[in-house]
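Below, each chain spelled out in residue letters.
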Amino acid sequence: MPKLKDLVTRRDPLCGGHRACTGCGAPIVVRQVLMSSSEPVVVTSATGCLEVVTTIFPYTAWNVNFLHNAFENSAATCSGIEAACKALKRKGKIKQNINFVAFGGDGGTYDIGFQSLSGAMERGHDMLYVCYNNEAYMNTGVQRSSATPKGAATTTAPAGKVIPGKVQFSKNLTEIMIAHDLPYVAQSAVGFWRDLTAKSEKAFSIHGPKFINVLQPCCLGWGYKPALTAEMGRLAADTCMWPLYEVENGVYKLNYTPKVKKPIGEFLKTQDRFRHLNKPGNGAVVESMQKEVDRRWEALLLRCKHEGGIQK
């Protein structure tokens, strides 16, 4: 478990003055992940909110080696840099250890960049991929992605007379990455800094491909007051809509169990994207969402119990 006094002595990977929205969770994710590395880092970032607000030409907010790439190939770019540095190390031109980190939003990870991510992980590159998951294409106008929860209203799945928001459940990408047999896969959320930094530190200590899926609340796309970003992440975990767990060499470990498992209604009522679900006739949508959350939670508990990995 990293100590706060050690983390704060490390160089901030982002300078002040970037253009992220007030209350944006993406810079929080970046800082906590990268400050968990005690060695130099090289970062790639897919086109998206994070890239746009930190690299508006001719300025940059990055205090680390950074390369912007296309929407779909953050993982491929990072894997190429890792392979090149490995070759230079064999030739003696690079002597220090370097950690390689690829960032992508849910659009550039779950959807557009999935084949790039899957390929890099299958090839076994020594890199960490971090998805800052704000559950929609926020940078281009809040369109639905496969990470968007059922019932959420977006510009391409608007709530109205035809549909009550998105009609499909979100894709469980974390479990898909676990199916790649990676040495380390984890889920975390903004609002749990100890959890995220501990998982990042562990990921950096492990050789090979790693993946961390971080729920990153978005005040603009979700519709809540900017000061509540961390609270949104904690509420997602307390309702079990977004469990905090990790899988190391195939062994599941649950990192957080709510003292009282809250109904998903407690999460839904805090955000404008779900406000239509309070209208008459949409109760069945909420019920189906609760059943799916409960099903996934129970399935995760079974996996963790089987492995003896429930954290008290």
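These figures come from a predicted structure and were not determined experimentally.

Trainee: When you look at the overall build of the protein in this model, what are you seeing that I'm missing?
Mentor: Secondary structure summary: the protein contains twelve helices and eight strands in total. Taking the principal axes of its C-alpha atoms as reference, the protein extends roughly 70 × 50 × 40 Å. Sequence separation of 24 or more characterises 70% of the internal contacts of the protein that already satisfy a separation of 6 or more. Accessible surface, the protein as shown: approximately 14,100 Å² in total, 56% of it carbon and sulfur. Of note, the protein has its 38 positive side-chain charges centred 3 Å away from the centre of its 26 negative side-chain charges.

Trainee: Would you explain the pairing of strand β8 (residues 251–254) in this entry?
Mentor: If a strand is regular, its side chains alternate between the two faces of the sheet. Because side chains alternate across β8, one face comprises the buried residues Tyr 252 and Leu 254, and the other comprises Val 251 and Lys 253, none of which is buried. In this sheet, β8 lies alongside strand β7 (residues 245–248) in antiparallel orientation, the contact comprising four bridges. By the bridge assignment, Val 247 is partnered in β8 with Tyr 252. Here β7 folds back onto β8, and the loop between the two strands holds two residues, one of which, Asn 249, carries a positive phi near 50°.

Trainee: Please clarify how unusual backbone geometry should be interpreted in this entry.
Mentor: The bulk of non-glycine residues show a negative phi, and the bulk of peptide bonds are trans. Of note, the bond from Phe 57 into Pro 58 is cis; its omega dihedral lies within 30 degrees of zero at 10°. On the secondary structure map, Pro 58 appears in the loop between α3 (49–54) and β2 (65–68). The phi dihedral of Asp 181 is positive, around 60°, even though this residue is not glycine. Along the chain, Asp 181 turns up in the loop between α7 (173–178) and β5 (184–189).

Trainee: Honestly, the environment of Lys 259 in this entry has me stumped. Any pointers?
Mentor: Counting through the fold element by element, Lys 259 comes out in the loop between β8 and α11 (264–268). For the pair Lys 259 and Asp 238, spaced 21 residues apart in sequence, the C-alpha separation works out to 8.1 Å.

Trainee: What is the right way to read the sheet that holds β7 from this model?
Mentor: Within a beta sheet, neighbouring strands are joined by backbone hydrogen bonds and run either parallel or antiparallel to one another. Read from one edge to the other, the open sheet built from eight strands follows the order β2-β1-β3-β4-β6-β5-β7-β8, with strand pairing classed as mixed. The strands lining the two open edges of the sheet, one partner per strand, are β2 and β8. Between one strand and the next, the sheet's axes are offset by a mean angle of 15°, whatever the strand orientation. Across six bridges, the pairing between β5 and strand β6 (residues 210–215) is parallel. For Gln 187, the partnering residue across the bridge sits in β6 and is Asn 213.

Trainee: Help me out: how do you make sense of the packing of aromatic side chains in this one?
Mentor: The relative placement of two aromatic rings is captured by the distance of their centres and the angle of their planes. Applying the stated rule across the entire model yields eight aromatic pairs. Ring plane angle 15° and centroid distance 4.4 Å describe the contact between Trp 62 and Phe 66, whose orientation is recorded as stacked. Taking the relative accessible area as the measure of exposure, Phe 66 reaches 23% and is therefore partly exposed. Here a set of aromatic residues connected by ring pairs shows up, and it is made of Trp 222, Tyr 224, Phe 267 and Phe 274. Against the face of Phe 114 rests Lys 171, its NZ or CZ located 5.3 Å from the ring centre.

Trainee: Help me understand the pattern of salt bridges in this model?
Mentor: Overall, the coordinates contain 13 salt bridges when judged by the stated rule. The shortest N-O distance in the salt bridge between Asp 195 and Lys 199 comes to 3.0 Å. Placement of both Asp 195 and Lys 199 in helix α8 (residues 193–205) is noted, with a separation of four residues, approximately one turn of the helix. As far as burial versus exposure is concerned, Asp 195 and Lys 199 are alike and both buried. Between Lys 202 and Glu 248 there is a salt bridge, and its shortest N-O distance comes to 3.4 Å. Pair noted here: Lys 202 is in helix α8 and Glu 248 is in strand β7, with a separation of 46 residues, a long-range link. We classify Glu 248 as partly exposed; its relative accessible area is 30%. Residues joined by salt bridges that share partners form a network here, namely Lys 202, Glu 246 and Glu 248.

Trainee: How do you make sense of the UniProt feature "domain: Thiamine pyrophosphate enzyme TPP-binding" (unreviewed entry) in the protein when you look at a structure like this?
Mentor: When the UniProt feature table is mapped onto this chain, "domain: Thiamine pyrophosphate enzyme TPP-binding" (unreviewed entry) is found at residues 47–214. Spanning residues 47–214, this segment combines 35% helix with 17% strand, and its end C-alpha atoms are found 18 Å apart.

Trainee: It is not clear to me how the nonpolar core should be interpreted in this structure. Could you clarify?
Mentor: Across soluble globular proteins, you tend to see nonpolar side chains buried next to one another. One finds Met 121, Met 127, Tyr 129, Met 177, Phe 211 and Trp 222 to be the most contacted residues of the largest nonpolar core, which totals 56 residues. Tallying contributions element by element places helix α12 (residues 283–307) first for this core, with seven residues. Apart from residues no more than four positions distant in its own chain, Tyr 129 is found in contact with Ser 74, Ala 75, Ala 102, Phe 103, Gly 104, Gly 108, Thr 109, Leu 117, Met 121, Lys 210, Phe 211 and Ile 212. Counting residues in each nonpolar core, the second largest holds 25 residues, with Val 30, Tyr 184, Ala 203 and Ile 206 among its members.

Trainee: Can you help me understand the layout of surface pockets in this one?
Mentor: Leftover empty space is mapped by rolling, across the atoms, a probe with the size of a water molecule. The computed volume of the largest pocket comes to approximately 510 Å³. Ser 170, Asn 172, Met 241, Pro 243 and Arg 296 are, among the 31 residues lining the largest pocket, the residues nearest its centre. Every element with two or more residues in the lining of the largest pocket is listed here: α7, β6 and α12. Among the elements that line the lining of the largest pocket, the one with the most residues is α12, at nine residues. Counted by class, the lining of the largest pocket contains 18 nonpolar, five polar and eight charged residues.

Calculation notes
- Note that residues are indexed from 1 along each chain, following the sequence as it is written.
- At least 70 in pLDDT is required for a residue's local features to be given in this predicted model, at least 80 for side-chain atom pairs to be given and counted, and no such filter applies to totals for whole chains, interfaces and linings, which use all residues.
- Note that the side-chain values use all heavy atoms of the structure and ignore hydrogens as well as water.
- Numbered from the N terminus, helices here are DSSP runs of H or I no shorter than four residues, and strands are runs of E no shorter than two.
- Between two residues, a contact is recorded if the distance between any of their heavy atoms is within 4.5 Å.
- What sets the accessible areas is the Shrake-Rupley method with a 1.4 Å probe; for residues, cover comes only from the shown protein chains.
- We treat Lys and Arg as the positive residues and Asp and Glu as the negative residues; His and chain ends play no part in the count.
- For the purpose of locating charges, the reference atoms are NZ of Lys, CZ of Arg, CG of Asp and CD of Glu.
- For the exposure calls, accessible area comes from a 1.4 Å probe over protein chains only, and a residue counts as buried if that area is under 20% of its type's maximum, exposed if over 50%, partly exposed in between.
- In this analysis, strands are considered paired if DSSP registers two or more bridges between them.
- Note on geometry: axes are C-alpha line fits, over the in-contact stretch for helices, and angles between N-to-C directions span 0 to 180 degrees.
- The aromatic pairing rule takes the rings of Phe, Tyr and Trp, using the six-membered ring of Trp, and pairs them if the centres are within 6.5 Å, calling planes under 30 degrees apart stacked, those over 60 edge-to-face and the rest tilted.
- Consider the ring centre and the ring normal. A charge sits over the ring if Lys NZ or Arg CZ is within 6 Å of that centre and within 35 degrees of that normal.
- Salt bridges are defined by distance alone: a side-chain nitrogen of Lys or Arg within 4 Å of a carboxyl oxygen of Asp or Glu.
- UniProt positions are given in the numbering used here, feature names are shortened, and annotations may be inferred rather than shown by experiment.
- Only buried Ala, Val, Leu, Ile, Met, Phe, Trp, Tyr and Cys residues count toward a nonpolar core, and they belong to the same one when joined by side-chain atoms within 4.5 Å.
- Grid points spaced at 1 Å over the protein atoms alone were grouped into cavities, where a 1.4 Å probe fits but cannot get out, and pockets, open sets with protein on both sides within 12 Å along at least five of seven lines, with lining residues defined by an atom within 4 Å of a point.
- Grid points are joined across faces, edges and corners, and a volume is the space filled by probe spheres set on the points.
- Asp, Glu, Lys and Arg are counted as charged, while Ala, Val, Leu, Ile, Met, Phe, Trp, Tyr, Cys and Pro are counted as nonpolar; the rest, among them Gly, fall into the polar class.

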